[in-house]
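Residues per chain are reported as follows:
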Amino acid sequence: MIVSGGENVFPGPVESLLLAHPAVVDAAVVGVPDDEFGQRLKAVVVLDGVLTADAVQARVAAELGRHFVPRDVEFVAALPRNATGKLLRHALV
């Protein structure tokens, strides 16, 4: 759970929404430090196609609401995983 500006945000719904997009191969949402809100959402996305950060934010806002929208969107070649395939969320912060 990520607490951002007093709102409790679970990353699962945001990740599921992103993974449903045809251009998204993999996605993770983490909380990163923020001076104003305590934490803010950051989406880390692996693409197989074309998608912009603005499009990611607009999709999340339209489907889930304002407090679920990641302020930071980073596109990477692959998400960090351990030998068994588990996502290393701490490496994304």
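Structural data are supplied above this passage.
Residues numbered from 1 in each chain as written. Predicted model: local features only at pLDDT ≥ 70, side-chain atom pairs only at ≥ 80, totals over all residues. Heavy atoms only, no water.

J.: Go over the pairing of strand S5 (residues 72-76) with me, naming the residues and quoting the values.
T.: Here strand S4 (residues 38-47) runs beside S5; their pairing, made up of 5 bridges, is parallel. Across the sheet, residue Lys42 finds its bridge partner in S5, namely Asp72. Considered for its hand, the β-α-β crossover made up of S4, helix H2 (residues 53-63) and S5 is right-handed. (Pairing = 2+ DSSP bridges. Helix = DSSP H or I, 4+ residues; strand = E, 2+ residues; numbered from the N terminus. Right-handed = clockwise from strand over helix to strand, strands pointing away.)

J.: Describe the layout of surface pockets, and please don't skip the residues or the numbers.
T.: A water-sized probe rolled over the atoms picks out the places where empty space is left. The volume enclosed by the largest pocket comes to roughly 210 Å³. Around the largest pocket, the lining residues are Ser4, Gly5, Glu7, Phe37, Arg40, Leu41, Arg66, His67, Val69 and Arg71. Of the residues assigned to the lining of the largest pocket, the class counts are 3 nonpolar, 3 polar and 4 charged. (1 Å grid on protein atoms, 1.4 Å probe; cavity = no way out; pocket = protein on both sides within 12 Å on 5 of 7 lines; lining within 4 Å. Points joined across faces, edges and corners; volume = space filled by probe spheres on them. Nonpolar A, V, L, I, M, F, W, Y, C, P; charged D, E, K, R; others polar.)

J.: Quick rundown of the side chain of Asp26? Include the residues and the values.
T.: With respect to the secondary-structure elements, Asp26 resides in strand S3 (residues 24-34). Side-chain polar atoms of Asp26 contact the side chain of Arg81, separated by 2.6 Å. When near neighbours in sequence (up to four residues on either side) are disregarded, Asp26 contacts Leu19, Val44, Val45, Val46, Leu79 and Arg81. (Polar contact = N/O pair within 3.5 Å; in protein donor to acceptor, adjacent residues only side chain to side chain. Contact = heavy atoms within 4.5 Å.)

J.: Describe a nonpolar patch on the surface, naming the residues involved and giving the relevant values.
T.: A contiguous nonpolar surface patch, about 310 Å² in accessible area, is contributed by Met1, Val3 and Phe10. Classification of Val3 by relative accessible area gives partly exposed; the value is 38%. (Patch = residues over 30% accessible without salt bridge, like charges linked within 9 Å, V, L, I, M, F, W, Y side chains within 5 Å. Areas by Shrake-Rupley, 256 points an atom, 1.4 Å probe, with all protein chains shown as cover. Salt bridge = Lys/Arg side-chain N within 4 Å of Asp/Glu carboxyl O. Buried < 20%, exposed > 50% of the residue type's maximum accessible area, 1.4 Å probe, protein only.)

J.: An account of the packing of helix H1 (residues 11-19) against H2 is requested, with residue identities and associated values reported.
T.: Helices that pack against each other are described as a pair by the angle of their axes relative to one another and the distance between those axes. Where H1 contacts H2, the axes come no closer than 10 Å and their chain directions differ by 120°. Relative to H2, the element H1 lies oblique. Like other packed secondary-structure pairs, H1 and H2 cross with a definite hand, here right-handed. The residues of H2 that touch H1, namely those facing Val14, Leu17 and Leu18, are Val56, Arg59, Val60 and Glu63. In terms of residue class, the contact of H1 with H2 is made up of 5 nonpolar, no polar and 2 charged. (Axes fitted to C-alpha atoms, helices over the stretch in contact; angles between N-to-C directions. Parallel < 35°, antiparallel > 145°, perpendicular 65-115°, else oblique. Left-handed = near helix turned anticlockwise from the far one by under 90°.)

J.: Residue-level account of the pairing of S3, with values.
T.: For S3, the tally of buried residues reaches 9 of 11 residues, placing the bulk of the element in the interior. Note: S3 against S4, 10 bridges, orientation antiparallel. Residue pairing in the sheet places Asp26 in a bridge with Val46 of S4. In this structure, the hairpin formed by S3 and S4 is closed by a connection of 3 residues.

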